[in-house]
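Take a look at the letters that make up each chain.
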Number of protein chains: 2
Amino acid sequence: MKLILLSGGSGKRLWPLSNDARSKQFLRILDRPDGRKESMVERVWRQLGDMGLEDSAYIATGKAQEEMIRSHVGMGVPLIIEPERRDTFPAIALAAVYLYSIVGTSLEEVVTILPVDPYVENSFFSRIKVLERVIRESGSDIALIGVKPTYPSEKYGYIVPEKTGEPDAAYFQVNRFTEKPREEEAAELIKQSALWNCGVFAFKLGYLINLLIDRRIPIHYDELTKQYGSLTKNSFDYEVVERAGNISVLPYEGYWKDLGTWNTLTEEMSVPLTGNGIVTDDSVNTHVINELGIPITVLGLSNAVIAASPDGILVADKVVSPRIKEVMKDMDQRPMYEERRWGHYLVLDYMTFSDGREVMTKRVSLEAGKNFSYHFHHKRSEVWTVISGEGQMVQDGEIRTLKAGDVVHIPIQSRHSLLAITDMEIIEVMRGHELVEEDRVRLGMEWGAILEFCLS
Amino acid sequence: MKLILLSGGSGKRLWPLSNDARSKQFLRILDRPDGRKESMVERVWRQLGDMGLEDSAYIATGKAQEEMIRSHVGMGVPLIIEPERRDTFPAIALAAVYLYSIVGTSLEEVVTILPVDPYVENSFFSRIKVLERVIRESGSDIALIGVKPTYPSEKYGYIVPEKTGEPDAAYFQVNRFTEKPREEEAAELIKQSALWNCGVFAFKLGYLINLLIDRRIPIHYDELTKQYGSLTKNSFDYEVVERAGNISVLPYEGYWKDLGTWNTLTEEMSVPLTGNGIVTDDSVNTHVINELGIPITVLGLSNAVIAASPDGILVADKVVSPRIKEVMKDMDQRPMYEERRWGHYLVLDYMTFSDGREVMTKRVSLEAGKNFSYHFHHKRSEVWTVISGEGQMVQDGEIRTLKAGDVVHIPIQSRHSLLAITDMEIIEVMRGHELVEEDRVRLGMEWGAILEFCLS
């Protein structure tokens, strides 16, 4: 079996901790068994490891998340990178074509798709193993995992099984799908043994490849990446699952939760305060997640969620907190904190002047052994003040060592790179017009090659 | 008449906006008639001007507030600076001795003391003028203004008048004082025509000078400043007013309010949001005061106050918000924002390292025409990156001009100063051990003298 984890999304449902650069699956706010914190991606990767599934897994994602995923689950994880973000149908098609034409996976192999952020027990992954057997035994085109509902939720999609005479069967034929029913309807569906759709489905690779051929979609990776922009922007559910003739569903009775909103997420947080601050005892069922350096004091306020990051501060009643996405939808904000392949940075200060000049001050953390690409900027100059650590700097072909206290001027168009020998912290003052990430012309990435290039 | 405004306090009742460097009277959060914002100090100074009392006024305060007061009410305001902070009795004694031995004020002159932060209508200051007449007509040692209570508050001190046959008299003899009674007792006191003590009292200068002589306290300014540390640390109320034999009280029926806590202060704020953010319509009676650059979004939370500054973030139910002082009492925090004679600065970032090194990054705003003192540091080096404006820099006797983009290295013990020609913004990275304000050896303050000193 091959496992494809879909790492999508971004959005603002967990604003201000999630932003365009950091989707919810990268927030390190879940409790690990050892008491430390982990992200949803780290959690699922740890669980895959526990269940011996790690070696079968690929992560399908966009270019924007590549560095984040590598920083959470390691450089070794195999990624299938979409040329652009579309929807789950194109993403899964690309993954299938990658397995078929690049990995050489057999058309008889079972492929299982799952979101990268299910909040489940390990037993969920045992069911995923069983799903492979269901495909083989049932002869179904598609087999899903259905979560046994615990209440008549209006938020989820329901999988309604065929009425059979075998209530104790290991798996069922699917009769139909129903999206977000009203509560009474949901209660009625549950009586009919309907299950929640948790977005996990399996199929033989050959099934999807044939489907792509039928639709005249290229089944070779290079060709598909070229035509990727013309693929229909639709979900795999609508495009494939709901049109399939022969579908099975395998029930799962354990813990499963959608941690997509502040009120559901905070239910899984064991302590009221994460980060610097004080929550008074009379603040009942209130959670604070503080990623800022300054303290947050909560005084006599119950049933609230307070989340603070360099992007902003949310103070919400828990019950209405899911409305944050709607409230923030017109807020177009530059991310103030980003994780990168080489470390991370934090925007400390940003000013604009009436003549159009912009100045941004960042604290940049470069991890030992990692380096920036060799690059230059068209529209900005930089001043670096090294505040800790040691590194090797290349600038316009010259090599020097850098240590705490050193100051570096990087004029417009000056080519530069830096390798950290020990962990480095740098205060960077950027001055120019349009201080955007895109103003970066990369000349090289790998340090050995950069040195060779510069010295030649 | 001479007016002495007492500018004391600091404290944490309005944390995080008030801190050890910025008392509540300097918070620019009150609505001005022209729609802009003003501080309590600016408001009272504006009202004194409206009432023609500005020229009679002095502000008694500590060294720490000197620059703030000048930045709020101008360089011309006469200050009486305490050598150290004690309490209102020593502060008023010093002011009286200053008037007597430095200004040469007559012993027959009436001196009126008032807090720097009364939130009142202009008519309050008309009553202050009447207070002078009360002293002269009644022959009382002390005359106070008593605010007509609007409800049986448990928070205030009450001035209980003598039972006289003249309920319509312009002023009354005082029978006794009662501090913070319970509600029923307060209601009973109000029936007896008791008034709230708002901390305004008048006396002839000679009364207090004689009292000081009796207590063997020096009545010459230079001598008193030397012995200031040995004066009893007690309030003028306890030490003088409550022991006086013959006291009058003048009623005031207008608006008066103690804006010392978040719940009372926010009642005077006309809009729910000050600063960057969103407060949803279903957040009823909630106020946000945001001094941070990042947005605050409040969603469905009523009767709350949210206050954010570079020092921290308060999220409180309004009713219990006065408890903040108690909650923060053990929090010993460096102020992250300070106003100074020459402008202000904001701490952007602060890091400590395991070897004891500290690094602090500030954005420093120097106003056109103002300059830093000529000074040096024993324990830190600095790197300045000028991000806007122009100035003249003196460093170790050399003069140069500075403009946006220039970078200045200031090693330990390097003498330096800067005059802003236009408004300047500078990113300053300080590195060293013990990054405290006290590590600053001042060699000169006035720019002309600094230049002369350097060029000689």
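All of these numbers come straight from a predicted model, not from anything done at the bench.

**Notes on the overall build of chain A**
- The helix and strand tally for chain A stands at eleven helices and 30 strands.
- Relative to its length of 456 residues, chain A is compact, with a C-alpha radius of gyration of 25 Å against a globular reference of 23 Å.
- Counting only C-alpha atoms, chain A reaches 80 × 60 × 45 Å along its principal axes.
- The buried share among the 456 residues of chain A stands at 57%.
- A separation of at least 24 residues holds for 66% of the contacts in chain A among residues at least 6 apart in sequence.
- Surface accessibility of chain A: about 19100 Å² in total, with carbon and sulfur atoms responsible for 48%.

**Some points on the pattern of salt bridges**
All names here are of chain A.
- In total, this model carries 59 salt bridges over all chains according to the counting rule given.
- A salt bridge links K191 to E188, with the shortest nitrogen-to-oxygen separation between them at 3.9 Å. Of this pair, K191 and E188 both sit in helix α5 (residues 183–191), separated by three residues, roughly a single helical turn.
- For D396, the salt bridge identified is with R415, shortest N-O distance 3.6 Å.

**With respect to the pairing of strand β29 (residues 424–432) of chain B**
Residues and elements named next belong to chain B.
- Buried residues dominate β29, accounting for nine of its nine residues.
- Going residue by residue along β29, you find M424, I426, E428, M430 and G432 tucked away on one face and E425, I427, V429 and R431 tucked away on the opposite face as well.
- As paired elements, strand β22 (residues 358–366) and β29 share nine bridges and run antiparallel to each other. Its bridge partner lying in β29, E358 is registered against G432.
- Across eight bridges, strand β24 (residues 380–388) lies against β29 in antiparallel orientation.

**As for the confidence of the model for chain A**
- Predicted confidence across chain A gives a mean pLDDT of 91, with 98% of residues reaching 70 or more.
- Scored by ipTM, the complex comes to 0.81, with pTM at 0.82.

**Considerations on the sheet that holds strand β14 (residues 273–274) of chain A**
- One open sheet holds the six strands; their spatial order is β14(A)-β16(A)-β18(A)-β19(A)-β17(B)-β15(B), and the pairing between them is mixed. The open sheet is flanked by β14 of chain A together with β15 (277–279) of chain B, the only strands paired with a single partner.
- In this sheet, strand β16 (residues 287–290) of chain A lies alongside β14 of chain A in parallel orientation, the contact comprising two bridges. In the strand pairing of β16 of chain A, T274 of chain A is matched with I289 of chain A.

**With respect to the interface of chain A and chain B**
- With 53 residues of chain A in contact, the opposing surface of chain B contributes 53 residues.
- The junction of chain A with chain B conceals about 4200 Å² of combined surface from both sides, 72% of it contributed by carbon and sulfur atoms.
- At the surface where chain A touches chain B, the tally comes to four salt bridges.
- Between R323 of chain A and D282 of chain B there is a salt bridge, with its nearest N and O atoms 3.0 Å apart.
- Across the chain A-chain B interface, the total number found is 16 residue pairs in polar contact (both at pLDDT 80 or more).
- Considered class by class, the residues forming the side of chain A that touches chain B number 32 nonpolar, twelve polar and nine charged.

**Quick word on the sheet that holds strand β27 (residues 407–410) of chain A**
Residue and element names in this part refer to chain A.
- Spatially, β20-β21-β22-β29-β24-β27 is the arrangement adopted by the six strands of the open sheet, whose pairing is antiparallel. Whereas interior strands pair on both sides, the edge strands pair on one side only; in this sheet they are β20 (337–340) and β27. For this sheet the average axis-to-axis angle between neighbouring strands, irrespective of direction, equals 20 degrees.

**A word on the packing of aromatic side chains**
Residue and element names in this part refer to chain A.
- Enumeration according to the criterion identifies 26 aromatic pairs over all chains in this entry.
- When the ring of F201 is compared with that of F236, the centres are 5.0 Å apart and the planes differ by 20 degrees; the resulting orientation is stacked. Placement of the pair is F201 in strand β11 (residues 195–204) and F236 in helix α8 (residues 236–239), with a sequence separation of 35 residues.
- Judged by relative accessible area, F201 falls into the buried class, the value being 4%.

**With respect to the relation of the copies chain A and chain B**
- Between chain A and chain B, which share one sequence, the superposing operator has a rotation angle of 179 degrees and an axial displacement of 0.1 Å; the RMSD is 0.2 Å. Seen this way, the second copy is the image of the first under a two-fold rotation axis. In terms of C-alpha distance to the rotation axis, chain A has L348 of chain A as its closest residue, with the C-alpha 2.8 Å off the axis.
- A share of 100% of interface residues in chain A that are also interface residues in chain B marks the association as one of identical surfaces.

**What to know about unusual backbone geometry**
Residue and element names in this part refer to chain A.
- A cis amide bond links W15 to the next residue, P16, at an omega of 5 degrees.
- Not every positive phi belongs to a glycine, and K180 is a case in point at roughly 35 degrees.
- Considering the arrangement of structural elements, one finds K180 in the loop between β10 (172–179) and α5.
- Phi is positive for D396, which is not a glycine, with a value near 50 degrees.

**Here we look at helix α2 (residues 66–73) of chain A**
Residue and element names in this part refer to chain A.
- Every buried residue of α2 is accounted for by E66, M68, I69, H72 and V73. End-on, the buried residues of α2 take up no more than an arc of 165 degrees, which puts them together on one face.
- For α2, the secondary structure elements touched by its buried residues are β1 (2–7), α1 (40–50), β4 (57–62), β5 (79–82) and β20.
- A positive phi of about 100 degrees marks G74, the residue just after α2.

**Topic: the pairing of strand β28 (residues 416–420) of chain A**
Residues and elements named next belong to chain A.
- Taking burial as the measure, the five residues of β28 include five buried ones, the bulk of the element.
- Judged by which residues are buried, β28 turns out to be covered on both faces: H416, L418 and A420 on one side and S417 and L419 on the other are all buried.
- With five bridges connecting them, strand β25 (residues 390–395) and β28 associate as antiparallel partners. By the bridge assignment, V394 is partnered in β28 with S417.

**Digging into a positive patch on the surface**
All names here are of chain A.
- Taken together, the side chains of R13, K155, K180 and K325 present a region of like positive charge at the surface.
- Along the chain, R13 turns up in the loop between β1 and β2 (30–31).
- Classification of R13 by relative accessible area gives partly exposed; the value is 33%.

**What about the packing of helix α3 (residues 88–103) of chain B against helix α6 (residues 205–214) of chain B?**
Residues and elements named next belong to chain B.
- α6 packs onto α3 with a crossing angle of 115 degrees between their chain directions and a minimal axis gap of 10 Å. The angle between the axes of α3 and α6 places the two elements in the roughly perpendicular class. With respect to the hand of their crossing, α3 and α6 are arranged in left-handed fashion. On α6, the residues that touch F89, I92, A93, A96, V97, L99 and Y100 of α3 are L205, L208, I209, L211 and L212.

**Details of the environment of F172 of chain B**
- Mapped onto the elements of the fold, F172 of chain B is located in strand β10 (residues 172–179).
- Remark: the alpha-carbon pair of F172 of chain B and L144 of chain B, spanning 28 residues in sequence, is separated by 9.9 Å.

**Some words on the environment of E188 of chain A**
- According to the relative accessible area criterion, E188 of chain A is partly exposed, its value standing at 40%.
- As for E188 of chain A and P152 of chain A, which are separated by 36 residues in sequence, their C-alpha atoms are 8.6 Å apart.

Criteria and cut-off values
- Residues numbered from 1 in each chain as written.
- Chains lettered and ligands numbered in written order.
- Predicted model: local features only at pLDDT ≥ 70, side-chain atom pairs only at ≥ 80, totals over all residues.
- Heavy atoms only, no water.
- Helix = DSSP H or I, 4+ residues; strand = E, 2+ residues; numbered from the N terminus.
- Rg over C-alpha atoms; globule rule 2.2 N^0.38 Å.
- Buried < 20%, exposed > 50% of the residue type's maximum accessible area, 1.4 Å probe, protein only.
- Contact = heavy atoms within 4.5 Å.
- Areas by Shrake-Rupley, 256 points an atom, 1.4 Å probe, with all protein chains shown as cover.
- Salt bridge = Lys/Arg side-chain N within 4 Å of Asp/Glu carboxyl O.
- Pairing = 2+ DSSP bridges.
- pLDDT = per-residue confidence, 0-100.
- Buried area = accessible area lost by both parts, 1.4 Å probe.
- Polar contact = N/O pair within 3.5 Å; in protein donor to acceptor, adjacent residues only side chain to side chain.
- Nonpolar A, V, L, I, M, F, W, Y, C, P; charged D, E, K, R; others polar.
- Axes fitted to C-alpha atoms, helices over the stretch in contact; angles between N-to-C directions.
- Phe/Tyr/Trp six-rings, centres within 6.5 Å; stacked < 30°, edge-to-face > 60°.
- Least-squares fit on C-alpha atoms with pLDDT ≥ 70 in both.
- Arc of directions from axis to C-beta.
- Patch = residues over 30% accessible without salt bridge, like charges linked within 9 Å, V, L, I, M, F, W, Y side chains within 5 Å.
- Lys, Arg positive; Asp, Glu negative; His and termini not counted.
- Charge placed at Lys NZ, Arg CZ, Asp CG, Glu CD.
- Parallel < 35°, antiparallel > 145°, perpendicular 65-115°, else oblique.
- Left-handed = near helix turned anticlockwise from the far one by under 90°.

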